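Given next are the chains, with one letter for each unit.
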Amino acid sequence: MGTPAAQGSKTANQPPILELQHITKRFPGVVANDDVSLDFRPGEIHAILGENGAGKTTLMNIIYGLYHPDEGQVFMEGRPLNLEGPHAAIAHGIGMVHQHFMLIPVLTVAENIVLGSEPPGFRFDIRRAAAEVKKISEAYHLEIDPWAKVGDLTVGLQQRVEILKAFYRRARVLILDEPTAVLTPSEIEDLFQIMARLKADGIAIAFISHKLDEVMQVADRITIMRRGRVVRTLLPTETNPQELANLMVGREVVLQVKKSPYRPGPVLVDVQNLVVADEHNYPRVNGVSFQIRRGEILGLAGVDGNGQRELIEAIVGLRPVRSGKVLFAGRDITGLSPRQVSRAGISYIPQDRQGDGLVLNFTVAENLILKDYNGPQIARRGRIDFRRVRERAQRLVGQYGVAPPNPSLLAGNLSGGNQQKVILAREMGLAPEFLIAAQPTRGLDVGAIEYIHKRLLELRDQGKAILLFSLELEEILSLSDEIAVIYKGQIMDIVPGDKATREGLGLLMLGARKSA
Amino acid sequence: MSGLLAIFGNMQLWASTLSLSVPLVLPALGGTFSERTGVVNIAMEGIMLIGAFFAVFFSSLTMNPWVGLLGAVVAGGIMAVIFAWAAIRLRSDQVIIGMAVNIFASGLTAYLLNTIFGFGGTPVNTPMLPHLNWPWLGRIPVLGPLLNDQSILVYITLLLVVAGHFFLFHTRLGLRMRAVGENPEAADTAGINVYRIRYLGVLISGFLSALAGAYLSIGVLNSFEVDMTNGRGYIALAAMIFGRWTPFGSFGAALLFGFASALSMPLQSSVAAKNLVQMLPYVVTILALIGVGGKSVAPAADGVPYEAEK
Amino acid sequence: MQNENFQDVTPLERHGFLRALLRAVSTPLVAVILGILLGSVIIEVSGYNAIAAYVSLFQGAFGSGYSIANTLANAVPLILAGLGVAVGFRAGLFNIGAEGQYWMGAIAAVWVGYAVNLPWYLHIPLALAAAAVAGALWGGIVPGLAKAYAGAHEVITTMMMSYVAIFFSHYLLENGPMMEPGYVPQSPVIRSSAFLPVLVKGTQLSAGIFVALAAVAVVYWVLYYTTWGFEIRALGLNRRAARYGGMPVQRNIVLALAVSGLLAGLAGAAQMMGVQHRLYDSFSSGYGYTAIVVALLAKNDPIGVVFSALLFAALGTGAQYMQIGANVPGRMTDVITGLIVFFVAAERMVELASRWLAKRRQQRRSQAGRPGVGPAQGRGAELESKGAGV
Ligand SMILES: Nc1ncnc2c1ncn2[C@@H]1O[C@H](COP(=O)(O)OP(=O)(O)O)[C@@H](O)[C@H]1O
Ligand SMILES: [Mg+2]
């Protein structure tokens, strides 16, 4: 697509429609927004770039009336806004597509879109609602079936429902919070085209992202945030990705991961024709086979919800296997319990670290023994030896740089990156031969991401096998020796890491077979 | 065999099934509204007791059962609002706060019974709500004996079930309630006041529970007895779950439990058998929960407090 | 308490421990005070003298050695059943059916007590064991299995099992197999070899108190020092993480409810063997429900259970004296109990009140500064004033 920046310049001189002045927002322990001033203009895409935790979402939630700033003021067309809630923001023409979709899966598209602004009357006139949704979707060239259940839609279509929600409410300012995070490359291209059209219609777009290339591609103006503060606002024409990265992180960053050459050993993990169902008995993994060698990272690429979770949980014993086999070092481990799998030498970093990986109200020390609290290193005849617990905790906390280095803190009081380090320490501490890492860097800042990548590569270089599931194609591409693409519970293809391209993987992720 | 036939062929059994279900149908319907907005309302048991007591209190005070009914609903409503405030605004554990209400209500009604009426029980001349008796209805076969000569609250209950279904599934407010119970955050960002909707859901359940309590005390009797609800609030919750959080489903499940209670009536002659058969509704409740007759899925945000503004 | 194993013993850390202890105790304390205050308002409004009521309540509970012994006696079933509820809570399970488990324990103990003839050193343990098993089965088998394998909510199943147990006792006593010959629906008296010896003559205080305290020690040790305790605590704090950690979650759900029922069953046994010596026909012992409150107020800490059981035992023994001495109906204590639970659960009230005050102050300040333009916080203020209006 063309360079939207060039088209954007003609509107750059318009007065701002939305203006933030000196916004400060504090949460217990952090200043999420620190004296932030920004503006948004009609027909302009203003990208807000920043690391995870920089405060982007908080700022947008303030604009949308979900949070109240401790200091500062939001102005709409020069008038101060009294944003007493989302309904006020909506009334002023502000629409927001949240990072985590705000949809109700059991309701239809039409019901989701009109919710809260239904056609008037005591009765809910579903037909009229559907007709209005149809009209809007045609007007904005965002085709959708108003009668479809939202839970049945793809992520891309769900996002479309979110955008339509904003325009059903006549939004003039559209906030898109990390809209590309969940999309495939081609869906991202579609989204950018939609954004370009909206821009031409004079909509002011706030585009939130932490991905440099996207921002360079679509933004008319770029504002970089770091630790709650605005670092700088600049034009894409006067900067480059390296400079943006440095500004974002606050130091010189290396954009490329250093990786030693691939030296594959013997096959360690052999998954054969695995079939797995979800909790509603709906098959999610339909005959998956792959092998992982020692000294290899196998990347599992795919759009979220294509069976990745079920596949991994079946391998580690958290979910029953319908048919097929998992061989580990030649031994059949299908259907073993999570504990047996763990004892066999398989470690697992779950994607939901707070939901699965940690007991937040346990101390760090307790979390570090979560998997072998009754093993010979910790327990004797059913009693836990707390001296050993303490010793292990001290050692691992130091070794993995958990901050603050106090094992008697509750895990819930650590930052996301340090929580992940606790999990990493525990799982690595079990000396696994095979590590499964599910979205190990999701939501972490660059420092923590670099650290975890380094550790994963170290493990690989020690001749262990790693299965890396990530939704970030960049992460898959930079770490994997082999890349398996999963779509609707089937492996579309397995390609060597050094031959794979974004575009090729993107096609496979959408179900195009063997075209990469 | 013929004994069974005599029991099941007896229209009296079916009529008492209906009348015994009413104090389950009403709170089950109420629980549906409360849980559809995301609030688990264990407090219905206590609110029923409050309703039962104040129905007798106001009825005997004014000698007018309708004032009694109104008093029950107002008192139950107040109790429900207090529960709702703690559960919604203070984000307390809904089950624990519900327990608190139940203990409080059990104590308060017993205390007031003694303080106001002394230790001899409520006045024997307390007026009760009318039973409707239409000779023409009584002459219709099957339906006649079933529906005729029931308390007026029985008919009101039947109407409320239908109205409840329409309200929940065919009105704007109903849509919003269902949305709030599934995903309060989504509802909030759509500009809906989550708290207000949840208050409404709890309030409806409070009103309906109070009605059920009044039915027990001035609908089928004209007196209040300590702890006279006997766990019906809990059974109603089970009926609502068994009925998949829908008004008609709750109604059907409550009828089933009512039937289990009604079965013990023909067995009054033997004390031992009576005591065993009286366990039936409770056993049926457990069976229903275990999923005899299929599993049902709760509203996604049921029982989860929501923090609206930060 | 739970983290004391990880506490370093530097003075600073110990200071932190004290502060944590204070924080843990402050909510229950405030709740008790608020409950008593609000209770006195209700007493006054209904035309009695609150001071007189509380004085006689206190005298009834602690006024003499005799009444103290009875309060302690009253605490025995509350400690045991409360401990049971607390264990359930620790595993994330809300066992509100302790009443039924108490009854099953009582039935089993009484039956062994009169139907079996053994020397006391065998009879007492056997009766206690029978009660423990009965309670454990009642809590573990139906509610436990139903929860673990069918997802049936234990709040309702344990409650339903409670009613079943009570009707079962009616069945046994009203012209049933356990009825003593005659016309009164009650069981025969148990043999004296199954009596728990009385500690203070003329009171109800029996050796049951030692059973209760031993149970506290065992539960404390199991929860904090054993691998099974670790599993139970993990289960209660995060069921998914427990599963992920390789723990047998289903089995532990059943076991936790069984242990919960076991302790409630022991409560029934202690009451039968130490105090009543026979089963009477009744709708409720009251102990099972109060046990929930005991556990809640103790925040499910085994040591805390002892103190909170004493408080409610005192309310219980005091209630009768209140009725005689100040003429206030004894059920008032249930009103107070309900209020206390309410305030324990509504602990955010304090936070809310202080936030509300701070906001008011800020608002007043900003209004004084620049009249007309208020800060953008209308939404919070609106909701809060609604809350405060209730
Ligand atoms: N509701 C909240 N309560 C407490 N802290 C929060 C809350 N929301 C965000 N934060 C904190 O504020 C900071 C900024 O978060 P966020 O705005 O989500 O960043 P971003 O969207 O840029 O990743 C983070 O440190 C985060 O932990
Ligand atoms: Mg964000």
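Residues numbered from 1 in each chain as written. Chains lettered and ligands numbered in written order. Predicted model: local features only at pLDDT ≥ 70, side-chain atom pairs only at ≥ 80, totals over all residues. Heavy atoms only, no water.

Another aspect to go through is the overall build of chain C. If you tally the helices and strands in chain C, you get 15 helices and 0 strands. The 390 residues of chain C split such that 57% are buried. Within chain C, contacts between residues separated by at least 24 positions form 75% of all contacts whose residues are at least 6 apart in sequence. When the accessible surface of chain C is summed, it comes to about 15,900 Å², and 67% of that surface belongs to carbon and sulfur atoms. (Helix = DSSP H or I, 4+ residues; strand = E, 2+ residues; numbered from the N terminus. Buried < 20%, exposed > 50% of the residue type's maximum accessible area, 1.4 Å probe, protein only. Contact = heavy atoms within 4.5 Å. Areas by Shrake-Rupley, 256 points an atom, 1.4 Å probe, with all protein chains shown as cover.)

What chain A contains, in helices and strands, is 18 helices and 22 strands. Whereas a compact globule of 516 residues would reach a radius of gyration of roughly 24 Å, chain A reaches 24 Å, a difference of no more than 12%. Across its three principal axes, chain A shows a C-alpha extent of roughly 70 × 50 × 45 Å. Within chain A, the proportion of its 516 residues that are buried is 57%. For chain A, long-range pairs separated by at least 24 residues make up 66% of all intrachain contacts whose partners lie at least 6 apart in sequence. Carbon and sulfur atoms form 50% of the exposed surface of chain A, whose accessible area is close to 20,900 Å². (Rg over C-alpha atoms; globule rule 2.2 N^0.38 Å.)

So, about the sheet that holds strand β15 (residues 331–332) of chain A. Residue and element names in this part refer to chain A. The strand order β12-β11-β14-β15 describes an open sheet built from 4 strands, whose pairing is antiparallel. Strand pairing shows two members of the sheet lacking a second neighbour, β12 (283–293) and β15, which therefore form its edges. Pairing between strand β14 (residues 321–328) and β15: 2 bridges, direction antiparallel. By the bridge assignment for β15, L327 is matched with D332. Against the sheet, helix α10 (residues 308–315) contacts β11 (267–277), β12 and β14, and its axis sits at roughly 120 degrees relative to β11. (Pairing = 2+ DSSP bridges. Axes fitted to C-alpha atoms, helices over the stretch in contact; angles between N-to-C directions.)

Another point: the interface of chain A and chain B. With 27 residues of chain A at the contact, the number on the chain B side is 22 residues. For the chain A and chain B pair, buried surface summed over both sides reaches about 2,100 Å², with 64% attributable to carbon and sulfur atoms. Where chain A meets chain B, there are 2 salt bridges. Across the pair A:E118 and B:R172 runs a salt bridge whose closest N-O atoms are separated by 3.3 Å. Summed over the shared surface of chain A and chain B, the result is 9 residue pairs in polar contact (both at pLDDT 80 or more). For the side of chain A that touches chain B, the elements supplying multiple residues, two or more each, are β1 (18–27) and α3 (86–91) of chain A. Considering every element that reaches the side of chain A that touches chain B, the biggest residue donor is α3(A), with 3 residues. For the side of chain A that touches chain B, the per-class residue count stands at 16 nonpolar, 6 polar and 5 charged. (Buried area = accessible area lost by both parts, 1.4 Å probe. Salt bridge = Lys/Arg side-chain N within 4 Å of Asp/Glu carboxyl O. Polar contact = N/O pair within 3.5 Å; in protein donor to acceptor, adjacent residues only side chain to side chain. Nonpolar A, V, L, I, M, F, W, Y, C, P; charged D, E, K, R; others polar.)

Taken together, C:L18, C:L21, C:V25, C:L29, C:V30, C:I33, C:L34, C:L37 and C:V350 make up a surface patch of nonpolar side chains, about 770 Å² in accessible area. For C:L18, a relative accessible area of 53% translates into the label exposed. (Patch = residues over 30% accessible without salt bridge, like charges linked within 9 Å, V, L, I, M, F, W, Y side chains within 5 Å.)

The coordination sphere of the magnesium ion (ligand 2) contains the protein donors A:T57 (OG1) and A:Q99 (OE1), at a distance range of 2.0 to 2.4 Å. You can see A:T57 sitting in helix α2 (residues 56–63) and its partner A:Q99 sitting in the loop between β6 (94–97) and α4 (109–114), a full 42 residues away along the chain. (Donors = N, O, S within 2.8 Å, 3.2 Å for Na, K, Ca; no water.)

Our focus in this paragraph is the interface of chain B and chain C. Taken together, the contact pairs 54 residues of chain B with 55 residues of chain C. For the pair chain B and chain C, the summed buried surface comes to about 4,800 Å²; carbon and sulfur atoms form 74% of the total. Remark: the boundary between chain B and chain C carries 0 salt bridges. Across the contact surface, chain B and chain C share 8 residue pairs in polar contact (both at pLDDT 80 or more). Elements with a minimum of two residues in the side of chain B that touches chain C: α4 (65–89), α5 (94–117), α11 (194–219), α12 (232–242), α14 (271–277) and α15 (280–290) of chain B. Sort the elements by how many residues they give to the side of chain B that touches chain C and α5(B) lands first, with 14 residues. Tallied by class, residues from the side of chain B that touches chain C come to 35 nonpolar, 11 polar and 8 charged.

Time to look at the side chain of A:K25. Of note, A:K25 is situated in strand β1. Within the structure, the side chain of A:K25 is placed 2.9 Å from the backbone oxygen of A:H68, a separation counted as a polar contact.

What follows covers the confidence of the model for chain A. As a note on interpretation, predicted positions should not be read in detail where pLDDT is low. Confidence along chain A averages 91 in pLDDT terms, with 96% of residues attaining 70 or more. Considering only residues more than four positions removed or in separate chains, one finds that residues 1–11 of chain A, a stretch of pLDDT under 50, has 18 contacts. (pLDDT = per-residue confidence, 0-100.)

A:G53, A:G55, A:K56, A:T57 and A:T58 are the nearest of the 13 residues found near ligand 1. Those residues lying near ligand 1 are distributed over chains A and B. At a separation of 2.9 Å, an oxygen atom of ligand 1 approaches a polar backbone atom of A:G55. Contact between ligand 1 and A:Y67: a nitrogen atom at 3.5 Å from a side-chain N or O atom of the residue. Contact with the protein chains covers 67% of the free accessible surface of ligand 1, which is 560 Å². Counting residues per element, the ones that place at least two in the shell around ligand 1 are β2 (30–40) and α2 of chain A. Looking at which element gives the most residues to the shell around ligand 1, the answer is α2(A), with 3 residues. Of the residues in the shell around ligand 1, the class split is 5 nonpolar, 5 polar and 3 charged. (Near = heavy atom within 4 Å.)

Once that is clear, we can look at the packing of helix α7 (residues 208–225) of chain C against helix α12 (residues 302–325) of chain C. A packed helix pair is summarised by two numbers, namely the angle formed by the two axes and the spacing between the axes. Residues and elements named next belong to chain C. Interaxial distance between α7 and α12 falls to 8 Å at its minimum, and their mutual angle equals 150 degrees. Considering their axes alone, α7 and α12 lie roughly antiparallel with respect to each other. Along its contact with α7, which presents L213, V216, V219, Y220, L223 and Y224, the element α12 presents P302, I303 and V306. (Parallel < 35°, antiparallel > 145°, perpendicular 65-115°, else oblique.)

Okay, the domain arrangement of chain A next. As assigned here, chain A comprises domain 1 (4–93 + 172–249), domain 2 (103–170) and domain 3 (267–345 + 432–509). If you average the C-alpha positions of domain 2 of chain A and of domain 3 of chain A, the two centres end up 36 Å apart. (Domains from an automatic or database assignment.)

A separate point is the nonpolar core. Soluble globular proteins: nonpolar side chains tend toward being buried together. Counting residues in hydrophobic clusters, the biggest one holds 357 residues, and the most contacted among them are A:I315, A:F434 and A:L467. Per-element accounting of this core gives the leading share, 14 residues, to α5(B). Contact partners of A:L467, with chain neighbours within four places excluded, come to A:F290, A:I292, A:L298, A:L300, A:I312, A:I315, A:F434, A:L435, A:I436 and A:A437. Counting residues in hydrophobic clusters, the runner-up holds 30 residues, among them A:M60, A:Y67, A:I90 and A:I175. (Core = buried A, V, L, I, M, F, W, Y, C linked by side-chain atoms within 4.5 Å.)

Before going further, it helps to spend a moment on the pattern of salt bridges. Residues and elements named next belong to chain A. Evaluated as defined, the whole model comprises 40 salt bridges over all chains. Notably, a salt bridge pairs D220 with K199, separated by 3.1 Å at the nearest N-O pair. Taken together, the residues span a long stretch of sequence, with D220 in the loop between α8 (212–218) and β9 (221–226) and K199 in helix α7 (residues 185–200) at a distance of 21 residues. Taken as a pair, D220 and K199 share a single burial class, namely buried. One salt bridge in this structure joins E391 and R387, with 3.1 Å as the shortest N-O distance. Taken together, the residues span about one helical turn, with E391 and R387 both in helix α14 (residues 386–399) at a distance of 4 residues. In the salt-bridge network here, residues are joined through shared partners; they are D39, R41, E44 and R221.

So, on to the packing of aromatic side chains. Evaluation of the coordinates by the stated rule reveals 31 aromatic pairs over all chains. Measuring from centroid to centroid gives 5.9 Å for A:F386 and C:Y225, while their planes differ by 90 degrees, and the two rings are edge-to-face. Here C:Y225 lies in helix α7 and A:F386 lies in helix α14, a pairing that spans two chains. The pair formed by A:F386 and C:Y225 is uniform in burial state, with each residue classed as buried. (Phe/Tyr/Trp six-rings, centres within 6.5 Å; stacked < 30°, edge-to-face > 60°.)

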